[in-house]
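Each chain, letter by letter, is given below.
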Amino acid sequence: MGATVISMKDVTRVYKMGDTEEHALRGISFNITQGEFVAIMGPSGSGKSTCMNMIGCLDRPTSGIVEIDGRPTEKMSEKELAVLRNKTVGFVFQQYHLIPSLTIVENVMLPLRYQKIEKSERLPLAEAALEKVALVGKMNFRPHELSGGQKQRVAIARALVTRPKIILADEPTGALDSETGKQIMALFNEINADGTTIVIVTHDPRIGAAIRRCIHIFDGKIKADVTQTPVPFTGDSPDSAEKPRILAQPQRAQAVQAQPRRAPGQPQRQPAQPRPPVVQVRPPVAPAQSSAQAVQPQQQVVQQRAQKQMPDLATLPPAARNAYINGTIK
Ligand SMILES: Nc1ncnc2c1ncn2[C@@H]1O[C@H](COP(=O)(O)OP(=O)(O)OP(=O)(O)O)[C@@H](O)[C@H]1O
Ligand SMILES: [Mg+2]
């Protein structure tokens, strides 16, 4: 079991609007360990983006504890939060948020410009990130010259360029067709295979089924937290897509592939067909851990250099930040 990189304990978020209160999160708790790939799912307005904002330290909880990379965030100043966020998290949004006046490679280099990384190092790092998303050939294009899927791949390269421990993606395939969504999911799987923790918000059940762990939020509360054998996202319609099988009993999450039961003395049967995907329900999380967690050596090197991550949303006024997050800043 890897180190806990995200820990939420009894987190609430209440938005106050005049006399009315909007309870966006009503006490949610979960732990995510290094290298996990997690989907946060739920209907519109259920609190998914609010939850993501908590994980990304873009917003503070009304109550509860958020620990990122083993560090409690409650008492951190805005500046400390920005440093933690910039060292640890890469963001991908539905609307890409590329800067239209910059070329692709300039967009990807941007986070490095706001870190104390030498100018001469920025280009090779950005090229390596673009290589990862197979877009080196477009590096001198501008965003409007790219398709939606290509723009999203650039946004992923920008998130990757600082080699963050965690990538948070809010509806990353929401603006894309199924085939392009499939490519983006394949890319996230590759990135996850390299050890990066990924959390994706989605309302698409086919995306949810393609991700090993799925946290379902409903009305600001966790309705289910399941681990499953992922069903690859093919872009098929929800009706024709294969569905994971859910086991009702709470069990520990890592034993995903259930073994067939057999009576003592009975010979083991060979499964004639591929086993259907299995889903297991997570037990309630343990209390948040506060000790410092191990850091992968490669990440450590980059993190020492990576003091800031662009866009540094914490430095924006709240209205601009919300506009940025909600995709109204082009
Ligand atoms: N800045 C805000 N001020 C007031 N209420 C807010 C604010 N942000 C979110 N909310 C409210 O909190 C609740 C949860 O919103 P949130 O954006 O987290 O939902 P969501 O699950 O991401 O929905 P969607 O799938 O539509 O993106 C909603 O009722 C929303 O109206
Ligand atoms: Mg949302």
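The structure this text deals with has already been given above.
Small disclaimer: the values here were computed from a predicted structure and weren't measured.

Caption draft 1: Local environment of the site of ligand 1. Contacts to ligand 1 come from 14 residues, most closely from Tyr15, Ala24, Ser44, Ser49 and Thr50. Looking at the shell around ligand 1, its residues break down into 3 nonpolar, 9 polar and 2 charged.

Caption draft 2: Broad picture of the environment of Leu168. Its place among the elements puts Leu168 in strand β7 (residues 166-170). Judged by C-beta crowding, with 25 C-beta atoms within 10 Å, Leu168 ranks as buried. Residues Leu168 and Val201 lie 33 residues apart in sequence; the distance between their C-alpha atoms is 8.1 Å. Residues within four places of Leu168 in sequence aside, it is in contact with Met52, Ile55, Gly56, Val89, Phe91 and Val199.

Caption draft 3: Expanded view of the pairing of strand β1 (residues 4-17). Across 11 bridges, β1 lies against strand β2 (residues 20-33) in antiparallel orientation. When the bridges of β2 are listed, Thr4 appears paired with Thr33. Connecting β1 to the next strand, β2, in antiparallel fashion are 2 residues, including Gly18 with a positive phi near 60 degrees. Across 5 bridges, β1 lies against strand β4 (residues 63-68) in antiparallel orientation. Along β4, the bridge assignment pairs Lys9 with Ile65.

Caption draft 4: Quick look at the pairing of strand β10 (residues 221-228). In terms of strand pairing, strand β9 (residues 213-218) meets β10 through 6 bridges, oriented antiparallel. From the neighbouring strand, Cys214 faces β10, where its bridge partner is Val226. Counting the residues between successive antiparallel strands, the hairpin from β9 to β10 contains 2 residues, one of them, Asp219, with a positive phi of roughly 50 degrees.

Caption draft 5: Region of the structure containing the packing of helix α5 (residues 148-160) against helix α6 (residues 178-193). The interhelical angle for the contact between α5 and α6, taken along N-to-C directions, is 15 degrees, at an axis separation of 9 Å. The angle between α5 and α6 places the two elements in the roughly parallel class. The handedness of the crossing between α5 and α6 comes out as right-handed. Mapping the contact onto sequence places Gly148, Gly149, Gln152, Arg153, Ile156 and Leu160 in α5 and Thr180, Gln183, Ile184, Leu187 and Ile191 in α6. Along the lines of polarity and charge, the residues of the contact of α5 with α6 split into 5 nonpolar, 5 polar and 1 charged.

Rules of the game
- Residues numbered from 1 in each chain as written.
- Chains lettered and ligands numbered in written order.
- Predicted model: local features only at pLDDT ≥ 70, side-chain atom pairs only at ≥ 80, totals over all residues.
- Near = placed C-beta within 6 Å.
- Nonpolar A, V, L, I, M, F, W, Y, C, P; charged D, E, K, R; others polar.
- Helix = DSSP H or I, 4+ residues; strand = E, 2+ residues; numbered from the N terminus.
- Buried ≥ 20, exposed ≤ 12 C-beta atoms within 10 Å, placed from the backbone.
- Contact = placed C-beta atoms within 7 Å.
- Pairing = 2+ DSSP bridges.
- Axes fitted to C-alpha atoms, helices over the stretch in contact; angles between N-to-C directions.
- Parallel < 35°, antiparallel > 145°, perpendicular 65-115°, else oblique.
- Left-handed = near helix turned anticlockwise from the far one by under 90°.

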